[in-house]
Amino acid sequence: MAASIQNKIVFFMFILFFSPLSSTPCNQIDKEALLDFKDKITYDPSELLGSWTASSDCCNSWEGVSCGVSGRVVNVSRPGLFWDPKGIVDTYMKGVLSPYFGNMSSLQFLDLSHLKQLSGPIPPELGKLSELNYLFLDTNNLTGSIPMTLRYLSKLKKLYLHDNSLSGRVPSVGSWKSLSELGLSGNHLSGPIPSDIGQLVMLTRLDLNANNFSGTIPTSIGFLKDLKYLDLSGNQISGRIPQSIGGLSSLEELFLDRNQLTRSIPSSISGLASVQFFRLSDNKLTGTLPSSIGQLSNLQWLSLENNKLTGKLPATIGYLKNLTLINFSNNYFTSRIPSSFGNLVNLETLHLSANQLSGGLPPELVKLQNLMNLDLSFNPLSLVSIPTWIQEFKLFELSLAKTGIAGQLPSWLSSSSISALDLSCNELSGKLPQWIGNMTNLSFLNFSNNCFHSTIPVEFRNLSLIDLDLHSNKFSGNMNTVFSKQSRDSIGYYSSIDLSDNMFSGVIGDDIANRVIMSSIAILDLSSNKLEGSIPKAIGNLSKLHILKLDNNGLSGAIPKELGHSQLSVITLSRNQLNGSIPSEVLNLKHLKEFNVSNNNLSGMIPLHNTSIPASAFMNNPGLCGFPLPRCN
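Residues numbered from 1 in each chain as written. Predicted model: local features only at pLDDT ≥ 70, side-chain atom pairs only at ≥ 80, totals over all residues. Heavy atoms only, no water.

Colleague: I'm lost on the overall build of the chain in this one. Help?
Modeller: In terms of helices and strands, the chain carries four helices and 47 strands. With respect to the principal axes defined by its C-alpha atoms, the chain has extents near 85 × 65 × 50 Å. Accessible surface, the chain as shown: approximately 26,100 Å² in total, 51% of it carbon and sulfur. For the chain, the separation between the mean place of its 46 positive charges and that of its 46 negative charges on side chains is 4 Å. (Helix = DSSP H or I, 4+ residues; strand = E, 2+ residues; numbered from the N terminus. Areas by Shrake-Rupley, 256 points an atom, 1.4 Å probe, with all protein chains shown as cover. Lys, Arg positive; Asp, Glu negative; His and termini not counted. Charge placed at Lys NZ, Arg CZ, Asp CG, Glu CD.)

Colleague: Could you clarify how one ought to interpret helix 2 (residues 28–39) in this entry?
Modeller: Note on helix geometry: an α-helix contains 3.6 residues per turn, so any two residues three or four positions apart are oriented the same way. In this model helix 2 runs 16 Å from its N-terminal to its C-terminal C-alpha over 12 residues, within 8% of the 16 Å that 1.5 Å per residue would give. Restricting attention to buried positions, one finds in helix 2 the residues D30, K31, A33, L34, L35, D36 and F37. Measuring from the backbone nitrogen of I29 back to the side-chain oxygen at the start of helix 2 gives 2.9 Å, which picks out N27 as the cap. (Expected span 1.5 Å × (residues − 1). Buried < 20%, exposed > 50% of the residue type's maximum accessible area, 1.4 Å probe, protein only. Polar contact = N/O pair within 3.5 Å; in protein donor to acceptor, adjacent residues only side chain to side chain.)

Colleague: Sorry if this is basic, but what is going on with the sheet that holds strand 38 (residues 503–507) here?
Modeller: Whenever strands of a sheet pair, they do so through backbone hydrogen bonds, lying parallel or antiparallel. Across the sheet, three strands lie side by side as 36-38-40; this open sheet has parallel pairing. Of all strands in the sheet, those with a lone pairing partner are strand 36 (476–478) and strand 40 (530–532), marking the two edges. In this sheet, neighbouring strand axes are inclined to one another by 15° on average, regardless of whether the strands run parallel or antiparallel. As paired elements, strand 38 and strand 40 share three bridges and run parallel to each other. (Pairing = 2+ DSSP bridges. Axes fitted to C-alpha atoms, helices over the stretch in contact; angles between N-to-C directions.)

Colleague: Looking at this structure, I do not really get the pairing of strand 25 (residues 332–335). What am I missing?
Modeller: The side chains of a regular strand alternate between the sheet's two faces. When strand 23 (residues 310–312) meets strand 25, the two strands line up parallel, connected through three bridges. Among the inter-strand pairings, K312 is bridged to a residue of strand 25, identified as T334. Sheet topology note: the strand 25/strand 27 (residues 356–357) ladder contains two bridges and is parallel. Within strand 27, the position partnered with S335 by the bridge is L357.

Colleague: Would you explain the nonpolar core in this entry?
Modeller: Counting residues in each nonpolar core, the largest one holds 178 residues, and the members touching the most others are F460 and F618. Of all the secondary-structure elements, those providing two or more residues to this core are helix 2, strand 2 (65–67), strand 3 (73–77), helix 3 (480–483) and helix 4 (584–587). Here this core gets four residues from one element, more than from any other, and that element is helix 2. Setting aside chain neighbours within four positions, we find F618 in contact with I582, L587, F595, V597, S598, I606, I613, L624, P628 and L629. (Core = buried A, V, L, I, M, F, W, Y, C linked by side-chain atoms within 4.5 Å. Contact = heavy atoms within 4.5 Å.)

Colleague: Help me understand the pairing of strand 12 (residues 165–168), please; the structure alone is not making it clear to me.
Modeller: Examined bridge by bridge, strand 10 (residues 141–144) and strand 12 share two bridges and lie parallel to one another. If you follow T143 over to strand 12, its bridge partner there is S165. Where strand 12 meets strand 14 (residues 188–192), two bridges bridge the pair, whose relative direction is parallel. Each residue of the ladder has a partner; that of S167, found in strand 14, is H188.

Colleague: Is there a simple way to explain the sheet that holds strand 42 (residues 556–557) in this structure?
Modeller: Ordered in space as 42-44-46-47, the four strands form an open sheet in which the pairing is parallel. Two strands lie at the open edges of the sheet, namely strand 42 and strand 47 (623–625), each paired on one side alone. Judged from the three bridges that link them, strand 46 (residues 601–605) and strand 47 form a sheet pairing that is parallel. Across the sheet, residue M605 finds its bridge partner in strand 47, namely C625.

Colleague: So what exactly am I meant to see when it comes to the confidence of the model for the chain here?
Modeller: Atom-level detail of predicted coordinates should not be read off regions where pLDDT is low. Here the chain averages 94 in pLDDT, and 96% of its residues register 70 or above. The low-confidence segment residues 12–20, where pLDDT is below 50, has eight contacts with residues more than four positions distant or belonging to other chains. (pLDDT = per-residue confidence, 0-100.)

Colleague: What is the right way to look at the state of the cysteines in this model?
Modeller: Two cysteines joined by a covalent bond between their sulfur atoms form a disulfide. If you walk through the whole model with that rule in mind, you get three disulfides. Put simply, C625 and C632 are joined by a disulfide, and their sulfur atoms are 1.8 Å apart. When the S-S torsion is 95°, as for the bridge of C625 with C632, the disulfide is right-handed. Among the residues examined, C625 registers a relative accessible area of 16% and is labelled buried. In this structure C632 comes out as partly exposed when scored by relative accessible area, which is 23%. (Disulfide = S-S within 2.5 Å.)

Colleague: Help me out: how do you make sense of the pattern of salt bridges in this one?
Modeller: A pair can form between side chains of opposite charge whenever their charged atoms are brought close. Applying the stated criterion across every chain, the model contains 10 salt bridges. A salt bridge links E63 to R78; the nearest nitrogen and oxygen atoms lie 3.7 Å apart. Remark: R78 occurs in the loop between strand 3 and strand 4 (81–84) and E63 occurs in the loop between strand 1 (41–43) and strand 2; sequence separation between them is 15 residues. Note that E131 and K155 form a salt bridge whose closest N and O atoms lie 3.0 Å from each other. In this pair, E131 sits in the loop between strand 8 (116–121) and strand 9 (134–136) while K155 sits in the loop between strand 10 and strand 11 (158–160), placing the two residues 24 residues apart along the sequence. Note on K155: relative accessible area 36%, which makes it partly exposed. Several salt bridges converge on common partners, so that one network encompasses D257, R258 and R279. (Salt bridge = Lys/Arg side-chain N within 4 Å of Asp/Glu carboxyl O.)

Colleague: Help me out: how do you make sense of the side chain of N307 in this one?
Modeller: Along the chain, the position of N307 falls in the loop between strand 22 (301–303) and strand 23. Accessibility expressed as a relative area gives 5% for N307, which makes it buried. Within the structure, the side chain of N307 is placed 3.2 Å from the backbone nitrogen of N283, a separation counted as a polar contact. Residues within four places of N307 in sequence aside, it is in contact with L280, S281, D282, N283, K284, L285, N330, N331 and Y332.

Here's what the structure looks like:
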């Protein structure tokens, strides 16, 4: 999108400087049309139309307007995002488009993009602009359908209507023989992709992403030999990828992700000789990955995650030495990772999680010296230990969850640059080492579902963690070390903490909510430990907290009414020793979706509440009564 904006600014400057100047007064028909548009603008904070006055000449005095030698307007350009000598200006206008634009019969260039609050329909009268080459109405709030009359704009070269609220079907496009760029993304367009799309043989860019298109990809798309950019992602497109896709020999970027595509990837993809970015993720693709993928020598990104692909990973992928990213996560790939992957010397990201890969890791992967993100989680790799050669990488992310790792943490981690470390669902054991405090780059740490046993070492406070998950271990002692860690500016402010299903004891400190590191916390789960004392009132001051779970502890005292000042959507306090009544402020939280205080010593009437909460959430409190429990005596 940024590149598109930059190109448009450069293009606008070209039009501005090379448009013919008119010595003839502005044509009255064109002037009236533009003044009618100005009349329909209700708010123009940057006075984009300030120079458009009835007493001045529109050809020589109006900003954003230029005319031909006959005095007819050929260019109208008043976008909300433009360049001036002070830099990029980003502004907006409120109003609607004028149908009188259709009277400007010599108009070649119309740019009213990025005005944000330009609303209403696209006037069908625009279909009369037979000389129009460029139409930019993107990034507004236009509604209704794309007028059928636009098919008469046979000289169109670029049409951008993206990021509006347009709906309905796209009319026939076969008459746009000169069109090189078509952008309709980010609308509510539906129905099939026009079957005559293959007639637009001049097309170099086709962007239909983030709509509601359905049906199949037209076979005729393979006729677009000059196409360099194709984005059909984020729709409801189904059926198979047509064999004709291999005819797009000039294509550099292909995005078909987030659709309902089925069947196998055609071997004809070998014809995509120029493709650099290839994304088919989040579909329902099945079958094997064709070995012809290895012929795409220019490929840099290959994303196939979240499909149903099976079979072995093709060894031919090792020929793709320009690859910087592979993401095959959440498929059904089997067997070993090919040793040829070691040839991918430019690879920075390798994500193969949630497959059925086995047989350990090929030592040839040590050659991937540019690797920064490695995720092999949830594969039956039977690693036993983390391969020592991984320490040769300058990793940002290392995820080896449920890969068969056992024993103690390797000490070389202490000197690593890892920021995100996930070793969950393994058989790691022993104490959490003191050197964990040396991993000062850590922002995400997940050691959950292991066999660690110890207190949290005091050195833990040196970490700049944002997300911490230690649940389902045997950690013990006081958890205050977790809450007393240091922070640098906003670095290291917690977003989520899960310490549930451990053996932590002691009280929750009253100052937990007053620590700056807790000011951004959204999830706090301390359930199933051995905590005692009362629930701190100050938790209600954690303005970003949405989920609070303290169930299955030994907490006592009353439920603080101060929790009612929060944005909490989930509160679980069951299986404690809480007493007193339920504060109405808490039960009537605006965003509350889940609430459970069962198995405590609460009493009194359950306050009236709008949230649907089952009776089981209040059960086993001897003195509690009222809906949804039996009424009080």
